[in-house]
Amino acid sequence: MAFQKGKTTELEIIDLAFGGMGIAKPDGFPIFVDRTLPGDKVRVRITRKKKNYAEGGLLELIESSPLRQKAPCSYAGNCGGCRWQALPYSEQLKYKKQHVIDSLEHIGLLKGILVKDVIPSENIFGFRNKMEFSCSDRRWLSPEELANIEIKKDFGLGLHVPGTFDKIIDIEKCLIQPDIGNQILNDIRIYIKESGLPAYNFKSHEGFWRFVMLRNSAAFGTWMVNIVTKQENDNILTPLAHKLMNKYPQITSVINNITSKKASISVGEYEKVIAGENSIKEKLGDFTFEISANSFFQTNTKGAETLYSLVSKYADLSGSEHVLDLYSGTGTIPIWLSKDAKQVTGIEIVESAVQDANKNAALNSIQNCSFHVGDIKDVLPSIHKQCDVMIIDPPRVGMHKDVVEQVIALAPKKIVYVSCNPATLARDISMLQSQYKVVEVQPVDMFPHTFHIESVALLELV
Ligand SMILES: C[S@@+](CC[C@H](N)C(=O)[O-])C[C@H]1O[C@@H](n2cnc3c(N)ncnc32)[C@H](O)[C@@H]1O
């Protein structure tokens, strides 16, 4: 049969799936092909065959979709960061809205919910306030780079080829961060290469340099550089910090996270301040926030303001309400809502984020916010708080089912559910639907050129 693994076939792409891949449906059988757009005619090799679907690797674009545009970024064809750059932004928004509707209908079995048009991101380039680049002693080369014998394979600092843990594209210019971040990144690259210390090897787990994380403040134009290494080495990192801070007065903080763990995450087992501050300041609306290297903070600052304004609008507070904010991060939503509520209580698992939240409340002279550290499912039953309005902003995996039960038991009159994953949004609100009716869902785009979409759902107790 034509769709067996290893076979090549010609397909017409008819839609985009949640997850970002194009879909063809020859004889009704779904085949997912990465980096394709509806209207493309393509030749693919089947790379995976399951009972109900297959996946294909793109071999040739036989005929280009009329939707296709030239991607502004030269890495876009290979990099895992922005897989939808060849799709005009207005089209990206249409597909994102449809994915929210499809998730609600197919995963949550929720029909007829009002899903509004996506609120676009104010900036579609230079909008990210945090980027994380991986170091590798093996650089992945694109077919064009392979043809250039001058290019060495022994070092890469950049982003992953999608779906791979060890293929690092050496990135000199990433368009979704402000351009000064690229200059800082390139100076760090030169320093690392000349340091004499090896970059990490993802298979042997040897090597000193692991990640370079850059955070910036949209409001103040300042930068934090966080270098993640396998061991401490102040003799190498202090001169790097001084070099960077002398050249870029915008850099106010150089941090070193140290981790010998094999897991490919940039959070260290511990961290050291190499130079400057231990956090970076950012402003959202009238409020100032201090964010440490490992705390969660929305990555699109302007988008975060849009998102939180929507949360305020849906919460519609009069000043007398007790608000519970589950998954409160660095306290941004409680602080944003504080002037309209009687009391706001946040719960968050990451201790440093809760420390930041307390500092942030003090920094903004806010006295009606308090924060609890711990896993929501353990903390929520013990805090016995009155709750008129609940805000829920979980990570991609959504809520633990025990938490859903605890929320139903607390029975807040209103829930504002903020979600970065339509699939878990659909699952969670379908579990709440015995007690809550969904008034509407407003998607907000925080992640241009990716399939990701943030949504805010307003739920009312029935
Ligand atoms: C999507 S972020 C939202 C943060 C915040 N609302 C904001 O807008 O910045 C999710 C947060 O949930 C926290 N988290 C994840 N699992 C948790 C759990 N089981 N209990 C408490 N917090 C958790 C994460 O550390 C992260 O700060």
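If you're wondering where the values come from, they're calculated on a predicted model, not measured in any experiment.

Q: Is there a simple way to explain the site of the ligand in this structure?
A: With respect to spatial proximity, 19 residues lie near the ligand, and among them Phe296, Tyr327, Gly329, Ile349 and Asp393 are the closest. In terms of residue class, the shell around the ligand is built from 12 nonpolar, 4 polar and 3 charged.

Q: How should I be thinking about unusual backbone geometry in this particular structure?
A: In this structure, Leu109 takes a positive phi of about 50 degrees despite not being glycine. Residue position: Leu109 is located in the loop between helix H1 (89-107) and strand S7 (130-136). The phi dihedral of His449 is positive, around 75 degrees, even though this residue is not glycine. Structurally, His449 can be placed in the loop between strand S22 (436-444) and strand S23 (454-461). On the basis of neighbour count, His449 is assigned to the buried category, with 24 C-beta atoms found within 10 Å.

Q: Quick question: what am I supposed to make of the packing of H1 against helix H10 (residues 422-432) here?
A: Pairs of packed helices are described in terms of their axes, by the angle between the two and the distance that separates them. With their axes 8 Å apart at the nearest point, H1 and H10 run at an angle of 40 degrees to one another. Our classification of the angle between H1 and H10 gives oblique. Between H1 and H10 lies a crossing of right-handed hand. Between H1 and H10, the residues in contact are His99, Val100, Ser103, Leu104 and Ile107 and Pro422, Ala423, Leu425, Ala426 and Arg427, respectively. Among the residues forming the contact of H1 with H10, the class breakdown is 7 nonpolar, 2 polar and 1 charged.

Q: Where do I start with the pairing of strand S5 (residues 41-49) in this structure?
A: Regular strands place their side chains on alternate faces of the sheet. Across 5 bridges, the pairing between strand S1 (residues 8-12) and S5 is antiparallel. Bridge assignment links Thr9 to a residue of S5, and that residue is Val44. Bridging between S5 and strand S6 (residues 54-63) involves 8 bridges; their strand directions are antiparallel. The partner of Ile46 across the bridge, within S6, is Gly56.

Q: Help me understand the sheet that holds strand S13 (residues 251-258), please; the structure alone is not making it clear to me.
A: In spatial order, the strands read S8-S10-S9-S7-S11-S12-S13-S14; together these 8 strands make up an open sheet with mixed pairing. If you trace the sheet from one side to the other, it starts and ends with strand S8 (139-140) and strand S14 (270-276), each paired once. Relative to strand S10 (residues 168-170), strand S9 (residues 156-160) runs antiparallel, the two sharing 3 bridges. Following the sheet pairing, Leu159 is matched in S10 by Ile169. Taken strand by strand, helix H3 (residues 179-194) contacts S7, S9, strand S11 (209-216) and strand S12 (223-229), and its axis lies near 160 degrees from that of S11. Along the sheet, helix H4 (residues 234-247) makes contact with S12, S13 and S14, crossing S14 at roughly 45 degrees.

Q: Just checking my understanding: could you explain the domain arrangement of the protein for this structure?
A: One widely used convention gives an interface's size as the accessible area the parts lose upon coming together. For the protein, the domain assignment lists domain 1 (8-63), domain 2 (93-123 + 300-461) and domain 3 (130-284). On a C-alpha basis, the centres of domain 1 and domain 2 stand 35 Å from each other. Taken together, the 4 residues of domain 1 in the interface contact 8 residues of domain 2. In terms of residue class, the side of domain 1 that touches domain 2 is built from 2 nonpolar, 2 polar and no charged.

Q: Quick question: what am I supposed to make of the nonpolar core here?
A: It is characteristic of soluble globular proteins that their nonpolar side chains tend to be buried jointly. Judged by nonpolar contacts, the single largest core of 116 residues is most densely connected at Val311, Ile391 and Val416. With 6 residues, helix H5 (residues 301-315) is the largest single contributor of residues to this core. Those residues in contact with Val311 that lie beyond four places of it in its chain are Ile333, Ile391, Val416, Val418 and Val456.

Q: Would you take a moment to explain the pairing of S13 for this structure?
A: In terms of residue burial, S13 counts as a mostly covered element, since 6 of its 8 residues are buried. The sheet contact formed by S12 and S13 spans 7 bridges and is parallel. In the strand pairing of S13, Met224 is matched with Ser253. Handedness of the β-α-β unit built from S12, H4 and S13 comes out right-handed.

Q: When you look at H3 in this model, what are you seeing that I'm missing?
A: For H3, spanning 16 residues, the distance from its first C-alpha to its last is 23 Å, which sits close to the expected 22 Å at 1.5 Å a residue. For H3, the complete set of buried residues consists of Gly181, Ile184, Leu185, Ile188, Arg189 and Ile192. The buried residues of H3 all sit within an arc of 145 degrees when viewed along its axis, so they share a single face. Facing away from the buried surface of H3 by more than 90 degrees, the exposed residues are Asp179, Ile190 and Glu194. Lining the buried residues of H3 we find S7, S9, S11, S12 and H4.

Q: Help me out: how do you make sense of the sheet that holds strand S3 (residues 22-24) in this one?
A: The pairing of strands in a sheet comes from backbone hydrogen bonds and takes either a parallel or an antiparallel form. Sheet architecture is open: 6 strands sit in the order S1-S5-S6-S4-S3-S2, paired in mixed fashion. The open sheet is flanked by S1 and strand S2 (15-16), the only strands paired with a single partner. Note: S2 against S3, 2 bridges, orientation antiparallel. Residue pairing in the sheet places Leu16 in a bridge with Gly22 of S3.

Rules used throughout
For every chain, the first residue of its written sequence is number 1, and the numbers climb from 1 along that sequence. The predicted origin of the model limits local features to residues at a pLDDT of at least 70 and limits the giving and counting of side-chain atom pairs to 80 or more, whereas totals for whole chains, interfaces and linings rest on all residues. Near, as applied to residues and a molecule or strand, means the residue's backbone-placed C-beta atom lies within 6 Å of it. Throughout, the ten residues Ala, Val, Leu, Ile, Met, Phe, Trp, Tyr, Cys and Pro are labelled nonpolar, Asp, Glu, Lys and Arg are labelled charged, and all others, Gly among them, are labelled polar. A helix here means a DSSP run of H or I that spans at least four residues, while a strand means a run of E at least two residues long, and both kinds are numbered starting from the N terminus. To assign burial, the other C-beta atoms lying within 10 Å of each residue's own C-beta are counted, with C-beta atoms placed from the backbone; 20 or more indicates buried, 12 or fewer indicates exposed, and intermediate counts indicate partly exposed. Helix axes use the C-alpha atoms of the stretch in contact, all axes being lines fitted to C-alpha atoms, and the angles between their N-to-C directions lie in the range 0 to 180 degrees. Each angle gets one of four labels, with under 35 degrees taken as roughly parallel, over 145 as roughly antiparallel, 65 to 115 as roughly perpendicular, and the rest as oblique. The handedness criterion is simple: a crossing whose near helix is rotated anticlockwise from the far helix by less than a right angle is left-handed, and one whose near helix is rotated clockwise is right-handed. What counts as a contact here is a pair of residues whose C-beta atoms, placed from the backbone, lie within 7 Å. Pairing between strands is defined by DSSP: at least two bridges between the two strands are required. Reported domain spans reflect what an automatic or database domain assignment gives. The term nonpolar core refers to a group of buried residues, namely Ala, Val, Leu, Ile, Met, Phe, Trp, Tyr and Cys, whose C-beta atoms join them within 7 Å. A right-handed crossover is one whose linking path, passing over the helix from the first strand to the second, runs clockwise when the strands point away from the viewer. The span you would expect from a helix comes to 1.5 Å times its residue count less one. Regarding the arc, it is the one traced by the directions from the helix axis to the C-beta atoms.

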